[in-house]
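# Commentary on secondary and tertiary structure
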Amino acid sequence: MPQPIIEMHNIQKHFGSVIALAGVSVNVVPGECHCLLGDNGAGKSTFIKTMSGVHKPTSGDIMFEGQTMNFERPRDAIAAGIATVYQDLAMIPLMSVSRNFFMGNEPVRRIGPLRFFDHAHAAEVTMAEMRKMGINLRGPDQAVGTLSGGERQTVAIARAVHFGAKVLILDEPTSALGVRQTSNVLATIDKVRKKGVGVVFITHNVRHAMAVGDRFTVLNRGKTLGTAQRGEVTAEELQDMMAGGQELATLEGSLGGTV
Amino acid sequence: MSASQADATDERVKEMSAIRRWLIRPELGGIVGTLAVFTFFILFAGDSGMFNMQGVMNWGVVSAQFMIIAVGACTLMIAGEFDLSVGSMIGFAGMMIAIFLVVLGWPAWLSIILTFVMCMGVGALNGFIVIKTGLPSFIVTLASLFILRGFTIYLPQTIESKTIIGGIRDAAEGDWFASLFGGTIGQGFFRWLGENGFIGVFERGTRAGEPVVDGIPMLMIWAVALIIFGHVLLTKTKFGNWIFASGGDAQAARYVGVPVNRVKILMFMFTAFCACVFATCQVMEFGSAGADRGLLKEFEAIIAVVIGGALLTGGYGSVIGAALGALIFGVVQQGLFFAGVESSLFRVFLGVILLMAVILNTYIRRMITGER
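Residues numbered from 1 in each chain as written. Chains lettered and ligands numbered in written order. Predicted model: local features only at pLDDT ≥ 70, side-chain atom pairs only at ≥ 80, totals over all residues. Heavy atoms only, no water.

## Some remarks on the sheet that holds strand E5 (residues 67–69) of chain A
What links the strands of a sheet is backbone hydrogen bonding, and the strands pair in either a parallel or an antiparallel sense. All names here are of chain A. We count it as follows: Think of it this way: DSSP has to see at least two bridges between two strands before they count as a pair. Strands here mean DSSP runs of E at least two residues long; helices mean DSSP runs of H or I at least four residues long; both are numbered from the N terminus. Lines fitted to the C-alpha atoms define the axes, with helices restricted to the stretch that makes contact. Angles between their N-to-C directions range from 0 to 180 degrees. Residue contacts follow a heavy-atom distance rule, with two residues in contact if any of their heavy atoms lie within 4.5 Å.
Read from one edge to the other, the open sheet built from four strands follows the order E2-E1-E4-E5, with strand pairing classed as antiparallel. Every interior strand has two partners, whereas the edge strands, strand E2 (18–28) and E5, have only one. Taking the axes of each pair of neighbouring strands and ignoring which way they run, one obtains an average angle of 30° across the sheet. Relative to E5, strand E4 (residues 59–64) runs antiparallel, the two being bridged by three bridges. Bridged to Ile62 within E5 is Met69. Along the sheet, helix H1 (residues 44–51) makes contact with strand E1 (6–15), E2 and E4, crossing E1 at roughly 120°.

Take a look at the structure:
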């Protein structure tokens with residue numbers, strides 16, 4: 001297995017008297033899709049927010065490319081190459097696709113001492129990147145609001161990869177999507193993985209995880225129940241670990257394993 | 001290249017009609033409104049002198065005043081915030097200039113610069129409080145509206161026992177910095193126009209032979225300069241993209257590294273700057289500062305911006321649209337006088353056009369974002 005890009009060692013995060021993470025260790029290697037599974041309240045969001053610099057861990061180490069990192073704010077994590085795509089907050093609907101694509105990384109053209117947004121360059125790159133991802137735009141000035149949920153996720157992923165993400169964290173990218181849109185996003189994850197980006201895919205849908213995941217880590221009540229390789233674990237076992245064993249047995253009887 | 005692009009066309013994406021493409025431009029409401037207003041007044045007040053040189057200057061100056069504060073309100077609204085203290089800021093800035101210049105006897109350039117610094121400081125404080133507390137800017141600036149207005153009345157009453165301080169024009173006489181805000185330029189050109197009969201000249205009195213309009217007021221120059229600055233900033237720069245992003249969705253913008261707090265605070269400061277330009281031009285023109293100056297200006301600025309197509313919720317709008325909104329405002333306010341209509345009807349008009357603009361904007365927003 002290649003050298004991990006990012007290693008999280010024994011991460012603890014306390015909010016006052018609440019222990020959100022009680023020692024979680026996960027690593028991500030280039031070109032893999034590492035699925036982070038867990039039920040609501042398991043600590044998935046807190047964990048990825050620690051990884052992306054939103055929260056500082058109470059204790060534990062973050063090693064990025066072999067060096068200990070201390071992210072003070074999200075910008076630090078972004079600068080290091082850790083990009084996060086949030087479910088609802090990926091894009092701004094009122095702005096055009098190209099303005100969204102370059103938001104925070106605007107290309108600049110100099111005219112004398114003045115610096116202007118290079119719209120021509122932005123439009124060209126946006127159209128090219130969108131075509132690669134299989135999204136047909138009417139034009140680069142089309143508003144993001146007119147895109148479907150899956151397309152918005154895809155644009156956000158394409159943006160993160162274009163700006164050099166080495167680790168791409170996807171926070172429940174498929175949870176609000178229909179069947180076709182979900183498969184598009186999963187296909188996008190596959191494309192991105194093949195480029196050598198380490199993908200962290202957060203979901204509570206085992207089937208989506210099994211479709212693209214290389215490794216699976218299950219979180220439950222702020223603890224990890226271990227990391228499994230693809231093929232070492234079945235969907236039922238993952239489901240079991242997420243729901244916490246005992247309670248699930250009765251559940252599964254009534255629902256026939258369809259969840 | 002073009003062949004592959006043609007292949008990539010999605011059969012489900014309908015070509016956008018030219019009308020629809022135009023409809024989603026934020027300036028549309030402003031352009032249609034401007035055409036409608038001019039058509040109306042040319043028909044009903046065309047022979048009243050509204051469109052001769054003096055008449056144009058009359059509504060031009062009023063429109064330019066609205067434009068100056070509308071530019072600030074527009075960029076701030078696109079950044080997702082309001083400033084209700086603009087009107088009080090105008091009164092406060094004028095009063096501070098008067099106190100520094102007339103009461104304390106400081107030089108005009110120093111008085112004006114100091115006032116700008118103070119007001120932009122208040123703007124920054126407004127922004128800082130909004131950012132730090134997460135309160136709606138509506139409430140925070142409503143508080144500053146009262147605080148600033150209170151000081152504007154208290155200070156001259158305590159110092160001079162009156163609410164109007166005069167003598168500003170004499171005190172600022174000969175100061176080159178003050179002349180950036182008062183007076184006119186292009187006097188030679190206008191005299192030439194008058195001598196050659198292109199514009200009217202006074203026929204009697206002490207100014208006989210002089211043209212009826214002696215130049216372009218500095219106020220108009222400021223309005224045009226601020227509109228160009230605001231438009232270029234918003235549409236052609238990196239910072240402009242940040243303004244749209246901050247107003248569109250502050251959290252999404254933060255996640256990709258846009259310094260939202262800095263953008264918002266700077267826009268509050270820019271709005272204060274615009275209010276100061278307005279106030280300085282006004283005291284230079286009137287020669288006095290009054291405690292009631294700028295009353296209701298904050299609402300007039302916001303109305304001009306909304307007529308100009310900006311969304312009250314932020315993230316969408318145009319400086320050109322806001323300028324057209326201000327033009328509509330000025331033309332109607334002065335035009336009703338030329339047309340001999342009772343001037344109180346201006347408020348009726350204002351309410352109606354504001355309602356129409358907001359409804360139109362809501363519809364357009366649905367079209368852009370594809371909401372149902």
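## Some remarks on the interface of chain A and chain B
To be explicit about the condition: We define a salt bridge as a contact between a side-chain nitrogen of Lys or Arg and a carboxyl oxygen of Asp or Glu at a distance within 4 Å. Pairing of N or O atoms within 3.5 Å defines a polar contact, subject to two protein rules: one partner must be a possible hydrogen donor and the other a possible acceptor, and residues neighboring in sequence count only if both atoms are side-chain atoms.
Listed by partner, the interface residues are 27 residues for chain A and 37 residues for chain B. Run the count over chain A and chain B and you get zero salt bridges. Summed over the shared surface of chain A and chain B, the result is six residue pairs in polar contact (both at pLDDT 80 or more). The element that contributes the greatest number of residues to the side of chain A that touches chain B is strand E8 (residues 114–117) of chain A, accounting for three residues.

## So, the pairing of E1(A)
Residue and element names in this part refer to chain A. Pairing geometry for E1 and E4, over five bridges, is antiparallel. Across the sheet, the residue bridging to Met8 is Ile62, located in E4. Here E1 runs beside E2; their pairing, made up of eight bridges, is antiparallel. By the bridge assignment, Gln12 is partnered in E2 with Ala22.

## Comments concerning the domain arrangement of chain A
Residue and element names in this part refer to chain A. To be explicit about the condition: The start and end points of each domain follow an automatic or database-based domain assignment. What counts as buried area is the accessible surface, traced by a 1.4 Å probe, that two parts surrender upon association, with contributions from both included. Note on residue classes: Ala, Val, Leu, Ile, Met, Phe, Trp, Tyr, Cys and Pro are nonpolar, Asp, Glu, Lys and Arg are charged, and everything else, Gly too, is polar.
Domain assignment breaks chain A into domain 1 (6–91 + 165–255) and domain 2 (92–146). Put simply, the middle of domain 1 and the middle of domain 2, counted by C-alpha atoms, are 30 Å apart. On the side of domain 2, six residues touch domain 1, which itself brings four residues to the contact. Roughly 450 Å² is buried in total at the junction of domain 1 and domain 2, and carbon and sulfur atoms are behind 62% of that figure. Joining domain 1 to domain 2, the criterion identifies zero salt bridges. Where domain 1 meets domain 2, there are zero residue pairs in polar contact (both at pLDDT 80 or more). Along the lines of polarity and charge, the residues of the side of domain 1 that touches domain 2 split into two nonpolar, one polar and one charged.

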